[in-house]
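One-letter residues, chain by chain:
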Amino acid sequence: MLQRAFCLIIFLVIVVIILSQCVGTKTDPRGPAYAGDESCRTCHQSEFDDHLLSAHHFASAPANKHSVLGSFLAPANVFNFPGDITVRMESDSSGLYQTAYQQGTPQEKAHFAVTIGQGRKAQTYLSFKENKYYQLPISYFMQVHSWANSPGYPATHPYFNRSVPATCFSCHSSYVHVEASYEGMQRIEKFAENEVMYGINCERCHGPGQEHADFHTQHPNEKTAQHITRIGNLTRQQQVDMCAVCHSGLKTPQRSLFEFKPGDKLADYILADYLATAGEQHTNDVHGNQYQLLTASKCYRQSNQLTCNTCHNAHADNRHHLQTYNNQCISCHQPATAQFCTNKEQAPEVLQQQCVNCHMPVQPSRVITLLPDGKEQPVADSLRSHLIKVYR
């Protein structure tokens, strides 16, 4: 009798242990090979914290009063179209909305579901309706600190029907649940609401990490990273391919970009421009062409080591610390050498603070223009060129 009771107690203890390990465990929708960001945090706290401030982290977010920058208070919450048509940014207990009015009568209303972008330059927003995401007609433009007509939208009336495909999520999120089917040659996508992993997280760039996390949990004294791709061990082309997945322009993927792993060939996913030249066809624009512009640069072509990571720390936000980038230029173009700037009108200590502004200037976008409220002509967004050269 005592033996049976003892066995029962042991059995119950085992069940409790198993259940306690299951409670709170959330399966990663990308599959069992993925560990999730929190698993990285344990050993990489500093990088984890820095990443939370990065543009990658803010590539997308749930739309709420914290992530949406524009005002919802009158009169700053109104965008005016011709013909007494307005769009008002409104909020109530159920969320945030854009509502179109004509002569004061509501015409169409859509809920803010997703915020796209940190808002350093602009933010745009998505709504969700009938298994599809749509871009909302009004975006927020930091250059004028106000609401603006979304890029490419008609200037005469609000437009609520531009659908957003999964390819947009593949560069603005780490996962989205979508079911695809075909009607003839037309691809039909159906999304599940709120089944999005927002932002670009650790495993989008470092690859699946569950095996890595398990190994180092069991072997805490092992300092060499195991079962994970070490970026420094990749070839230069493999390193720039990782960035080019989202920074080589808008192209039709041959397969889902969510499947891309560090070390993969970009050409297996999209048809990238590997024969980039510094021509006018490589415009300085959103979604865009940073890969082509960089690889067309003389600095890149004469170097065997220059990559995106030479200047960009993907874990940190250095955009407000321009000298950090200048210092990378100076590491190769040192004063008192033939490689240093030939401008004789400025002292070397002054020139060392102007490398990026002179050789990678901020230029107006040829594609991304936003129409602020009350303006007749759209205003071009400004973007830093990645074509490194001498500009006149």
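Residues numbered from 1 in each chain as written. Predicted model: local features only at pLDDT ≥ 70, side-chain atom pairs only at ≥ 80, totals over all residues. Heavy atoms only, no water.

> Could you clarify how one ought to interpret the overall build of the protein in this entry?
In terms of regular secondary structure, the protein is built from 13 helices and 15 strands. Across the 392 residues in the protein, those meeting the buried criterion constitute 36%. In the protein, 53% of the contacts between residues at least 6 apart in sequence involve partners at least 24 apart. A total accessible area of about 23200 Å² is found for the protein, and carbon and sulfur atoms account for 54% of it. (Helix = DSSP H or I, 4+ residues; strand = E, 2+ residues; numbered from the N terminus. Buried < 20%, exposed > 50% of the residue type's maximum accessible area, 1.4 Å probe, protein only. Contact = heavy atoms within 4.5 Å. Areas by Shrake-Rupley, 256 points an atom, 1.4 Å probe, with all protein chains shown as cover.)

> Looking at this structure, how should I read the sheet that holds strand E3 (residues 85-92)?
Strands pair in a sheet through their backbones, by hydrogen bonds, and they do so in one of two ways: parallel or antiparallel. Taken together, the four strands give an open sheet; going across it, the order is E2-E3-E4-E5, and neighbouring strands pair in antiparallel fashion. The sheet is open, and its two edges are formed by strand E2 (78-81) and strand E5 (105-111), each paired on a single side. Within the sheet, the average angular offset between the axes of one strand and its neighbour, ignoring direction, is 25°. Where E3 and strand E4 (residues 95-102) come together, eight bridges link them in antiparallel fashion. Bridge pairing in E4 links Ser91 to Leu96. (Pairing = 2+ DSSP bridges. Axes fitted to C-alpha atoms, helices over the stretch in contact; angles between N-to-C directions.)

> What should I look at first to understand the environment of His386 in this one?
Turning to its location among the elements, His386 is positioned in the segment after strand E15 (379-384). Each C-alpha atom of the pair His386 and Pro361 lies 8.5 Å from the other, and the pair is 25 residues apart in sequence. Of note is the side chain of His386, whose polar atom sits 3.3 Å from the backbone oxygen of Arg384. (Polar contact = N/O pair within 3.5 Å; in protein donor to acceptor, adjacent residues only side chain to side chain.)

> Is there a simple way to think about the side chain of Ser303 in this case?
When you line up the elements, Ser303 lands in the loop between helix H9 (298-301) and helix H10 (308-311). Exposure remark for Ser303: the relative accessible area of 18% places this residue in the buried category. Only 2.9 Å separates the side chain of Ser303 from the backbone nitrogen of Gln305, close enough to count as a polar contact.

> Any chance you could explain helix H6 (residues 210-218) here in plain terms?
Along an α-helix, a turn takes 3.6 residues, which lines up residues three or four apart on a common side. Listed in full, the buried residues belonging to H6 are His212, Ala213 and His216. The arc that holds every buried residue of H6, seen down its axis, measures 95°, which confines them to one face. Turned more than 90 degrees away from the buried face of H6 sit Glu211, Thr217 and Gln218, all of them exposed. Of the surrounding secondary structure, the elements contacted by the buried residues of H6 are helix H2 (37-41). (Arc of directions from axis to C-beta.)

> Got a minute to help me understand the confidence of the model for the protein in this structure?
Segments scoring low in pLDDT should not have their predicted coordinates read at a detailed level. This prediction gives the protein a mean pLDDT of 87; 89% of its residues lie at or above 70. No element of the protein has a lower mean pLDDT than helix H1 (residues 2-22), at 49, and none a higher one than strand E8 (residues 132-135), at 98. pLDDT under 50 marks residues 13-25. Its contacts with residues more than four places away, or in other chains, come to zero contacts. (pLDDT = per-residue confidence, 0-100.)

> What is the right way to read helix H11 (residues 322-332) from this model?
Buried within H11 we find Tyr325, Asn326 and Ile330. What you see down the axis of H11 is that its buried residues fit within an arc of 145°, all on one side. Residues of H11 that are buried make contact with H10 and helix H13 (355-359).

> What is the right way to look at the environment of Asp317 in this model?
Here Asp317 lies in the loop between H10 and H11. Residue classification places Asp317 among the partly exposed positions, given a relative accessible area of 22%. Sequence-distant contacts of Asp317, that is, excluding residues within four places in its chain, are made with Leu53, Ser54 and Gln118.

> What is the right way to read the pairing of strand E9 (residues 138-141) from this model?
Two faces make up the sheet, and in a regular strand the side chains alternate between them. What you see with E9 is no split at all: Ile138 and Tyr140 on one side and Ser139 and Phe141 on the other are buried throughout. Both strand E7 (residues 122-129) and E9 contribute to a ladder of two bridges, which runs antiparallel. Looking at the pairing, Ala122 lines up with Phe141 of E9. Where E9 folds back onto strand E10 (residues 146-149) in an antiparallel hairpin, the turn is made up of four residues, including His145, whose phi is positive at roughly 50°.

> Can you walk me through the state of the cysteines in this structure?
Each disulfide consists of a covalent bond between the sulfur atoms of two cysteine residues. Scanning the entire structure with this criterion turns up one disulfide. Across a sulfur-sulfur distance of 2.3 Å, Cys171 and Cys246 are joined as a disulfide pair. Judged by the sign of its S-S torsion, about -95°, the cystine formed by Cys171 and Cys246 is left-handed. Placement of Cys171 in helix H4 (residues 166-172) and of Cys246 in the loop between helix H7 (236-244) and helix H8 (290-295) is noted, with a sequence separation of 75 residues between them. Classification of Cys171 as partly exposed rests on a relative accessible area of 23%. Summary of cysteine pairing: Cys329 is not part of a disulfide, and the nearest cysteine sulfur, belonging to Cys355, is at 4.7 Å. Exposure remark for Cys329: the relative accessible area of 24% places this residue in the partly exposed category. (Disulfide = S-S within 2.5 Å.)

> Teacher, can you tell me more about the side chain of Ser60 here?
Positionally, Ser60 belongs in strand E1 (residues 60-62). On the accessibility criterion, Ser60 (3% relative accessible area) is buried. A polar atom in the side chain of Ser60 sits 2.5 Å from the backbone oxygen of His172. Within polar-contact distance, the side chain of Ser60 engages the backbone nitrogen of Gly199 at 2.9 Å. Ser60 has contacts with Val114, Thr115, Ile116, His172, Ser173, Tyr198 and Gly199, leaving out every residue within four places of it along the chain.

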